[in-house]
Amino acid sequence: GAVVSQHPSWVICKSGTSVKIECRSLDFQATTMFWYRQFPKQSLMLMATSNEGSKATYEQGVEKDKFLINHASLTLSTLTVTSAHPEDSSFYICSASSRGTFYGYTFGSGTRLTVV
Amino acid sequence: KNEVEQSPQNLTAQEGEFITINCSYSVGISALHWLQQHPGGGIVSLFMLSSGKKKHGRLIATINIQEKHSSLHITASHPRDSAVYICAARRGGADGLTFGKGTHLIIQP
């Protein structure tokens, strides 16, 4: 079945540094990639949607200059958290969709980010 | 009020019991997803529904579009079914998901 590889699984970084999270679709072409985050004991929340070769569309309240999304190929999307702060500590997870799967969604394994 | 509401929030049952988790949504949708999230955070997609009923092994998902309600059932529950079950609504064909808060299920041996 469809697999999305996400890494790193966890990362600890210092406040003010940037962190890049990668999601790769291993056996299908991810025409659309969704990025979500989940704070402790809260629901997953959609951050942004990116289509291959296009600029990402960000949800209200998500700073596009802080959360940089690149979806330059059909198998790779990256989320870079720039100038990370402790309040950015969260669980980030991607989900890939392909037109060929009639919009079934395959999730990555998630990245737990801790900013100290 | 959240667009997607789940109940119960927490559920503890004995092995073998029949489990039902409910989901109500307040927006028009193109599909309703049921997901399973394990303690490490990883998410597995269980079902994608736009109408009727789907079955996979011991899991059954139903949806009533008119009532904007869906249920996930687990028959002959087992401790390995312990996880957080999340329903999520998708408005348009290529839209991201709006998630419920999840149901934390514990199946005791």
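Here is a short report on the structure shown in this document. (Residues numbered from 1 in each chain as written. Chains lettered and ligands numbered in written order. Predicted model: local features only at pLDDT ≥ 70, side-chain atom pairs only at ≥ 80, totals over all residues. Heavy atoms only, no water.)

1. So, the overall build of chain A
Along its length, chain A carries 0 helices and 11 strands. For chain A, the succession of helices and strands along the chain, N to C, is β-β-β-β-β-β-β-β-β-β-β. By the compact-globule yardstick of 13 Å for 116 residues, chain A fits well, its C-alpha radius of gyration being 13 Å. Seen through its C-alpha atoms, chain A measures out along the principal axes to roughly 40 × 25 × 25 Å. Considering chain A as a whole, with its 116 residues, one finds that 50% of them fall into the buried category. (Helix = DSSP H or I, 4+ residues; strand = E, 2+ residues; numbered from the N terminus. Rg over C-alpha atoms; globule rule 2.2 N^0.38 Å. Buried < 20%, exposed > 50% of the residue type's maximum accessible area, 1.4 Å probe, protein only.)

2. Some thoughts on the interface of chain A and chain B
One frequently used descriptor of interface size is the decrease in accessible area upon assembly of the parts. Contacts between chain A and chain B engage 16 residues on the former and 19 residues on the latter. Both sides together, the interface formed by chain A and chain B hides about 1300 Å², and carbon and sulfur atoms give 62% of it. Taken together, the connections running from chain A to chain B amount to 0 salt bridges. Linking chain A with chain B are 5 residue pairs in polar contact (both at pLDDT 80 or more), by the criterion used here. Elements with a contribution of two residues or more to the side of chain A that touches chain B: strand 4 (32–38), strand 5 (44–51), strand 9 (90–97) and strand 10 (105–107) of chain A. In terms of residue count, the dominant contributor to the side of chain A that touches chain B is strand 4 of chain A (3 residues). By residue class, the composition of the side of chain A that touches chain B is 10 nonpolar, 5 polar and 1 charged. (Contact = heavy atoms within 4.5 Å. Buried area = accessible area lost by both parts, 1.4 Å probe. Salt bridge = Lys/Arg side-chain N within 4 Å of Asp/Glu carboxyl O. Polar contact = N/O pair within 3.5 Å; in protein donor to acceptor, adjacent residues only side chain to side chain. Nonpolar A, V, L, I, M, F, W, Y, C, P; charged D, E, K, R; others polar.)

3. Focus on a nonpolar patch on the surface
Together, Trp10(A), Ile12(A) and Val116(A) make up an exposed nonpolar region whose accessible area comes to about 370 Å². As for its position among the elements, Ile12(A) is in strand 2 (residues 10–13). (Patch = residues over 30% accessible without salt bridge, like charges linked within 9 Å, V, L, I, M, F, W, Y side chains within 5 Å. Areas by Shrake-Rupley, 256 points an atom, 1.4 Å probe, with all protein chains shown as cover.)

4. As for the state of the cysteines
Taken as a whole, this structure holds 2 disulfides over all chains when the rule is applied. Paired by a disulfide, Cys23(A) and Cys94(A) hold their sulfur atoms 1.8 Å apart. Across the S-S bond linking Cys23(A) and Cys94(A), the dihedral sits near -95°, which makes this disulfide left-handed. Of this pair, Cys23(A) sits in strand 3 (residues 19–25) while Cys94(A) sits in strand 9; the two residues are 71 residues apart in sequence, bridging distant segments of the chain. Each sulfur in the disulfide pair Cys23(B) and Cys87(B) lies 2.0 Å from the other. Where Cys23(B) bonds to Cys87(B) through sulfur, the torsion about that S-S bond is close to 75°, and the disulfide is right-handed. Taken together, the positions of Cys23(B) in strand 3 (residues 19–25) and Cys87(B) in strand 9 (residues 83–90) put the pair 64 residues apart, joining distant regions of the chain. Exposure remark for Cys23(B): the relative accessible area of 1% places this residue in the buried category. Cys23(A) provides the cysteine sulfur closest to Cys13(A), a residue in no disulfide bond, and the two sulfurs are 17 Å apart. (Disulfide = S-S within 2.5 Å.)

5. What about the sheet that holds strand 1 (residues 4–7) of chain A?
Residue and element names in this part refer to chain A. One open sheet holds the 4 strands; their spatial order is 1-3-8-7, and the pairing between them is antiparallel. One side of each edge strand has no neighbouring strand; the edge strands of this open sheet are strand 1 and strand 7 (67–73). Pairs of neighbouring strands in the sheet enclose a mean axial angle of 15°, with direction left out of account. Relative to strand 8 (residues 76–81), strand 7 runs antiparallel, the two being bridged by 5 bridges. Across the sheet, Phe67 pairs through a bridge with Val81, a residue of strand 8. (Pairing = 2+ DSSP bridges. Axes fitted to C-alpha atoms, helices over the stretch in contact; angles between N-to-C directions.)

6. Remarks on the environment of Gly28(B)
All names here are of chain B. Of note, Gly28 is situated in the loop between strand 3 and strand 4 (31–37). Judged by relative accessible area, Gly28 falls into the exposed class, the value being 55%. Contact partners of Gly28, with chain neighbours within four places excluded, come to Lys68 and Arg91.

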